[in-house]
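# A look at the structure
What follows is each chain in one-letter form.
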Amino acid sequence: MMKDDLIRKYNMLPSGSRVLCAVSGGADSMCLLHWLFSLREEYGITLFAAHYEHGLRGEESLRDARFTEAQCAALGIPCRVGHGDVASFAAARKLGTEDAARTLRYRFLEETAEACGCDRIATAHTLDDNAETVLMNLCRGAGTRGLAGIPPVRGRLIRPLLATERSEITAYLTEHGIAHVEDSSNQTDDYTRNRIRHQVIPLLKEENPSFLRGVGRTAELLREDDDCLCREAEAFLREHCRDNAIPAKALLRLEPAVASRVLRSLCGSGVSMERTYALLNFAKGTERGVLEIPGQKIRREKGRLFFGVKD
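Quick summary incoming for the structure in this document. (Residues numbered from 1 in each chain as written. Predicted model: local features only at pLDDT ≥ 70, side-chain atom pairs only at ≥ 80, totals over all residues. Heavy atoms only, no water.)

### Comments concerning the sheet that holds strand β7 (residues 245-247)
Within a sheet, each strand pairs with its neighbour through backbone hydrogen bonds, oriented either parallel or antiparallel. Overall, antiparallel pairing links the four strands, which are arranged β7-β10-β9-β8 in an open sheet. Looking at the sheet topology across the chains shown, the edges are occupied by β7 and β8 (289-293). Taking each pair of neighbouring strands and ignoring which way they run, the sheet shows an average axis angle of 20 degrees. Bridge count for strand β9 (residues 296-301) against strand β10 (residues 304-309) is five bridges, and the pairing is antiparallel. Each bridged residue has a counterpart across the sheet, and for Ile 298 the counterpart in β10 is Phe 307. Where helix α10 (residues 211-240) meets the sheet, it contacts β7 and β10, and its direction lies at approximately 95 degrees from that of β7. (Pairing = 2+ DSSP bridges. Helix = DSSP H or I, 4+ residues; strand = E, 2+ residues; numbered from the N terminus. Axes fitted to C-alpha atoms, helices over the stretch in contact; angles between N-to-C directions. Contact = heavy atoms within 4.5 Å.)

Dropping the structure here:
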């Protein structure tokens, strides 16, 4: 039996919500679709569905779109299907296939939510997905936010299955006789996530059968820590930031973990650790100066740092 603890903890489905469910046709999303359908009266929600066909797997990809439309029609759930050319988009933007697909998919989901008047977008990320994401970010040398994994809620995005293991989803589908399709690309080791899923996680589960739950707890604790530090950074900005400028001495009095979040808020979340340290060193100077980072310049003048400086 599926548990709605996470839904209740984060108030994911307030009564009266219009919920757009992202459906690929795979096991996880079909489980989510049917589960939300079963909860619609209890929670007082209106359910819609959306499927994005990435144009990457030819006829198989079109099969998934047709399958999703048919399954939604059988349940009486309005479904919108979008089509894209991920390969061309990735080449034009110099992105990896996974990043390009994610960008286009979420763009489509946001546009569809707007068109349908939905205040929630539900995706079928699971506890397994969260562990994979944490390990991928660990490999990249991520900080607290990256190691906190996938957030249960971000804006109108909700992940009701984030505390659910894939094995539980399989059991739910079997119990209720719910059909799904298989994405053949999930069986290859062409992508980093697949290699972690097929090769790394099984080894870690041999060491600790409760590995997925353990990673979920760690990610939740790190997310709470990161949220706390971000709130401190936001409080600093409310007090000190005027006209996109802050006092250098006040910034330097902060703990480094808070100061780095202040700088990321002003410069953009993509600022690396090395550039953060460079900015903090720049703040120690007393003379007028300019520091360039990708996308903008920071000016130091009369004890203040001015961000977003134009030529």
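That shown, we press on.
### Points about the side chain of Asp 226
Of note, Asp 226 is situated in helix α10. A residue is classified by how much of its surface remains accessible, and Asp 226, at 5% relative accessible area, is buried. Side chain to side chain, Asp 226 and Arg 145 meet in a polar contact 3.2 Å long. Beyond its immediate sequence surroundings of up to four residues, Asp 226 is in contact with Thr 144, Arg 145 and Arg 261. (Buried < 20%, exposed > 50% of the residue type's maximum accessible area, 1.4 Å probe, protein only. Polar contact = N/O pair within 3.5 Å; in protein donor to acceptor, adjacent residues only side chain to side chain.)

### Observations regarding the pairing of strand β1 (residues 18-22)
The element β1 is extensively covered by neighbouring structure, given that four of its five residues are classed as buried. In terms of strand pairing, β1 meets strand β2 (residues 46-53) through five bridges, oriented parallel. Residue pairing for β2: Val 19 is matched across the bridge by Leu 47. Handedness of the crossover joining β1 and β2 through helix α2 (residues 27-43): right-handed. Where β1 lies against strand β4 (residues 120-122), three bridges are found, and the strand directions are parallel. Note that in β4 the partner of Cys 21 across the bridge is Ala 122. (Right-handed = clockwise from strand over helix to strand, strands pointing away.)

### Quick word on helix α5 (residues 97-116)
For α5, spanning 20 residues, the distance from its first C-alpha to its last is 28 Å, which sits close to the expected 28 Å at 1.5 Å a residue. Buried within α5 we find Ala 100, Ala 101, Leu 104, Tyr 106, Phe 108, Leu 109, Thr 112, Ala 113 and Cys 116. Of the surrounding secondary structure, the elements contacted by the buried residues of α5 are β1, β2, β3 (79-83), α4 (86-93), β4 and β6 (157-158). Phi for Gly 117, located one or two positions after α5, is positive at around 70 degrees. (Expected span 1.5 Å × (residues − 1).)

### Some details on the packing of aromatic side chains
Within the structure shown, the criterion is met by one aromatic pair. When the centroid spacing of 5.4 Å and the interplanar angle of 40 degrees are considered together, the rings of Tyr 52 and Phe 108 count as tilted. Linking Tyr 52 in strand β2 with Phe 108 in helix α5, this pair joins segments that are 56 residues apart in sequence. Of the two residues, Tyr 52 and Phe 108, both sit in the buried class. Above the plane of the ring of Phe 282 lies Arg 300, whose end atom (NZ or CZ) is 4.3 Å from the centre. (Phe/Tyr/Trp six-rings, centres within 6.5 Å; stacked < 30°, edge-to-face > 60°. Lys NZ or Arg CZ within 6 Å of the ring centre and 35° of its normal.)

### Notes on the sheet that holds strand β5 (residues 153-154)
Taking strand neighbours across the sheet as the criterion, the six strands line up as β3-β2-β1-β4-β6-β5 in an open arrangement whose pairing is mixed. The open sheet has two edge strands with one neighbour each: β3 and β5. As paired strands, β5 and β6 are joined by two bridges and run antiparallel to one another. Along β6, the bridge assignment pairs Val 153 with Ile 158.

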